[in-house]
Amino acid sequence: MMGNEYGLVLSVKGLMRYYGNIRAVDGISFDVFKGEIFALLGPNGAGKTTTIKCVLNLRKKDAGDIFLNGSVSFVPDGKELYGSYTVEKMVRIAKELTDKFDEKKCFEYIERFQIPFDERVSNLSSGQTTQLYLSIAFSQDAELYIFDEPTWGLDPIVRNQVLEMIRELIVDGRSVLYTSHILSEVEKVSDKVAIMSKGKILEQGYLDDIKEKYCAVIVPKNSKVDGYKYKSTETEDVYITKREYAISSNLEYSDVSFEVIFEALVMGSNNSLTA
Amino acid sequence: MWFAVDPHSSLPIYSQIKEKIKALILSGKLKTGDSLPSIRTLAKDLGINVNTVARAYRELELEGVIRAERGERYAVVGLEDHLHVKIKQTILKELQNVVYRCKELAIDISTVLNVVDNIYNQSSLQNEVGEDDGK
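Residues numbered from 1 in each chain as written. Chains lettered and ligands numbered in written order. Predicted model: local features only at pLDDT ≥ 70, side-chain atom pairs only at ≥ 80, totals over all residues. Heavy atoms only, no water.

Peer 1: Help me understand the pattern of salt bridges, please; the structure alone is not making it clear to me.
Peer 2: For side chains bearing opposite charge, pairing can occur when the charged atoms are close. Taken as a whole, this structure holds 24 salt bridges over all chains when the rule is applied. The network of salt bridges with common partners includes A:Asp209, B:Lys18, B:Lys22, B:Arg55, B:Glu59 and B:Glu63. (Salt bridge = Lys/Arg side-chain N within 4 Å of Asp/Glu carboxyl O.)

Peer 1: In this structure, what is going on with the domain arrangement of chain A? I would like to understand it.
Peer 2: Put simply, an interface is often sized by how much accessible area is lost when its parts join up. Residues and elements named next belong to chain A. Entries for chain A in the domain assignment read domain 1 (5-206) and domain 2 (208-274). Contacts between the two partners involve 14 residues from domain 1, matched on the other side by 13 residues from domain 2. Taken together, the two surfaces of domain 1 and domain 2 that pack against each other cover about 1,200 Å², and 70% of this comes from carbon and sulfur. Where Glu187 meets Lys211, a salt bridge forms, and the shortest distance between an N and an O atom there is 3.9 Å. Taken together, the links from domain 1 to domain 2 amount to 6 residue pairs in polar contact (both at pLDDT 80 or more). Taken together, the elements giving at least two residues each to the side of domain 1 that touches domain 2 come down to helix H6 (183-189), strand S8 (192-197) and strand S9 (200-206). Among the elements that take part in the side of domain 1 that touches domain 2, S9 stands out by supplying 5 residues, more than any other. For the side of domain 1 that touches domain 2, the per-class residue count stands at 7 nonpolar, 4 polar and 3 charged. (Domains from an automatic or database assignment. Contact = heavy atoms within 4.5 Å. Buried area = accessible area lost by both parts, 1.4 Å probe. Polar contact = N/O pair within 3.5 Å; in protein donor to acceptor, adjacent residues only side chain to side chain. Helix = DSSP H or I, 4+ residues; strand = E, 2+ residues; numbered from the N terminus. Nonpolar A, V, L, I, M, F, W, Y, C, P; charged D, E, K, R; others polar.)

Peer 1: How should a nonpolar patch on the surface be read in this particular structure?
Peer 2: Together, B:Val115, B:Val116, B:Ile119 and B:Tyr120 give the surface a local cluster of nonpolar side chains, amounting to about 410 Å² of exposed area. Within the secondary structure layout, B:Ile119 lies in helix H5 (residues 109-120). (Patch = residues over 30% accessible without salt bridge, like charges linked within 9 Å, V, L, I, M, F, W, Y side chains within 5 Å. Areas by Shrake-Rupley, 256 points an atom, 1.4 Å probe, with all protein chains shown as cover.)

Peer 1: Is there a simple way to explain the packing of helix H2 (residues 87-97) of chain A against helix H3 (residues 103-112) of chain A in this structure?
Peer 2: Residue and element names in this part refer to chain A. Two elements in contact, H2 and H3, have axes whose closest approach is 10 Å; the angle formed by their N-to-C orientations is 150°. Judged by the angle between their axes, H2 and H3 are roughly antiparallel. Of the two elements, H2 crosses H3, and the hand of that crossing is right-handed. Of the residues in H3, those in contact with Val87, Glu88, Val91, Arg92 and Lys95 of H2 are Glu103, Cys106, Phe107 and Ile110. A breakdown of the residues in the contact of H2 with H3 according to their chemical character gives 5 nonpolar, no polar and 4 charged. (Axes fitted to C-alpha atoms, helices over the stretch in contact; angles between N-to-C directions. Parallel < 35°, antiparallel > 145°, perpendicular 65-115°, else oblique. Left-handed = near helix turned anticlockwise from the far one by under 90°.)

Peer 1: Looking at this structure, how should I read the environment of A:Val72?
Peer 2: Residues and elements named next belong to chain A. Along the chain, Val72 turns up in strand S5 (residues 72-75). On the basis of relative accessible area, Val72 is assigned to the partly exposed category, the value being 22%. In the structure, Val72 is positioned 70 residues away from Ala142 in sequence and 5.3 Å away in space, judged by C-alpha atoms. (Buried < 20%, exposed > 50% of the residue type's maximum accessible area, 1.4 Å probe, protein only.)

Peer 1: What is the right way to read the nonpolar core from this model?
Peer 2: General note: in soluble globular proteins, nonpolar side chains tend to be found buried as a group. Residues A:Leu132, A:Phe147, A:Val176, A:Ile240 and B:Ile17 are the most contacted members of the largest nonpolar core, which totals 79 residues. Not counting residues up to four positions away in its chain, the partners in contact with A:Leu132 are A:Leu81, A:Val87, A:Met90, A:Ile110, A:Ile115, A:Val121 and A:Leu124. With 19 residues, the next largest nonpolar core counts A:Val9, A:Leu15, A:Val25 and A:Cys54 among its residues. (Core = buried A, V, L, I, M, F, W, Y, C linked by side-chain atoms within 4.5 Å.)

Peer 1: Looking at this structure, how should I read the packing of aromatic side chains?
Peer 2: Tallied over the entire structure, the rule returns 6 aromatic pairs over all chains. The interplanar angle of 40° and the centroid separation of 5.2 Å between the aromatic rings of A:Phe138 and A:Phe147 together place this pair among those described as tilted. Neither residue differs from the other here; A:Phe138 and A:Phe147 are each classed as buried. Counting every residue linked through ring pairs, the aromatic cluster contains A:Tyr109, A:Phe138, A:Tyr145 and A:Phe147. The ring of B:Tyr14 is capped by B:Arg55, whose NZ or CZ atom sits 3.9 Å from the centre of that ring. (Phe/Tyr/Trp six-rings, centres within 6.5 Å; stacked < 30°, edge-to-face > 60°. Lys NZ or Arg CZ within 6 Å of the ring centre and 35° of its normal.)

Peer 1: What is the right way to look at the sheet that holds strand S10 (residues 214-220) of chain A in this model?
Peer 2: Each strand in a sheet pairs with another by means of backbone hydrogen bonds, the pair being arranged parallel or else antiparallel. Residue and element names in this part refer to chain A. Reading across the sheet, the 4 strands line up as S11-S12-S10-S13 and stay open at both edges, with antiparallel pairing between neighbours. Here the strands that pair on one side only, and so sit at the sheet edges, are strand S11 (228-232) and strand S13 (253-254). Relative to S11, helix H9 (residues 258-270) is tilted by about 105°, and along the sheet it contacts S10, S11 and strand S12 (236-242). (Pairing = 2+ DSSP bridges.)

Peer 1: What is the right way to read the interface of chain A and chain B from this model?
Peer 2: Counting residues at the interface gives 22 residues for chain A, matched by 17 residues for chain B. Across the chain A/chain B interface, buried area totals approximately 1,500 Å², and carbon plus sulfur atoms make up 45% of it. Taken together, the connections running from chain A to chain B amount to 3 salt bridges. In this structure, the salt-bridge partner of B:Lys44 is A:Glu168, at a minimum N-O distance of 3.9 Å. If you look at where chain A meets chain B, you find 11 residue pairs in polar contact (both at pLDDT 80 or more). Looking at the side of chain A that touches chain B, the elements with two or more residues in it are helix H5 (156-171), H6 and helix H7 (207-213) of chain A. No other element matches H5(A), which puts 5 residues into the side of chain A that touches chain B. Here the side of chain A that touches chain B is built from residues that sort into 5 nonpolar, 4 polar and 13 charged.

Take a look at the structure:
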């Protein structure tokens, strides 16, 4: 169990959560530090939301340690608000329920998103509801912001606005933990990434380091390669391997996009190849 | 300052920033002593994570290309000789790759050497480069 390691905002060690026989979260560990954006990335059903709920104690964990060092502002994947209130009233309520809530900032965000103040929340589109929820969450002063699929249902322009707001949060030393299944967004915003699939974390670290760590090699069919099989053509197999391995095995290699690395790792876990 | 960066490239964004800044210095658009935007400003202008810009600046500083000044500013130092060496090494690697290709295509070594010879030994005969493309 760690002491007060400087800058550590959240530490998850060996987290496990079962639903009967299903291991929704199957022994994962990761750390989030001050001033960074950490993305939990993975296909639907990977266990991301369950992880978040365990971190926030909304679900009891079956094993592992969670160390949270700071206040949290949370936006769940189902963005539910009080339908009968107007937008403006919603903000006033948030102000009463939350410490360190910046009402003025909240109204600015809402204006930026062009949501009418006197509209009833139940009349807002799902995109607008998300935007309102995010406006409220961003106006809370917390050390760690946790977002579960924050851009789901938003159009591309609004998505970019939200990503910009997420980037702005860390400038003053706050931290962000968010889940997503949208790689292209994660690439625009995150410092660190954990690729999660079927309850396990397959790879994690700085996004930039992961891009540099892996490469693609082309080998004759049925070669023995220490890596993740990505594709098979008529005559060749394409593997995603660690660059060090390709170099030390004298294999010709080429750079690959993060998307390809992600696909190969997740497919690999689906096929349960030996690690 | 603005330039395009590609978050989906296999080349990490911080590397792209480093290369762009070095290219601006090489082309003379940035000179020794010129100011660079602060980390926050560049991150905002480019629409990317501050930590990414911070990493690019940190490495450029370690390489001696830029230096930190008071008040979050950075100034261009320049591309040292050892960086010119690195750039030369990159070009030589490209040349190697091209020569491998020539070999793969069974182009005669004398044809390849002729190309090199023509280019290097052109004294005042500037425009008389042979039109053979290594056939």
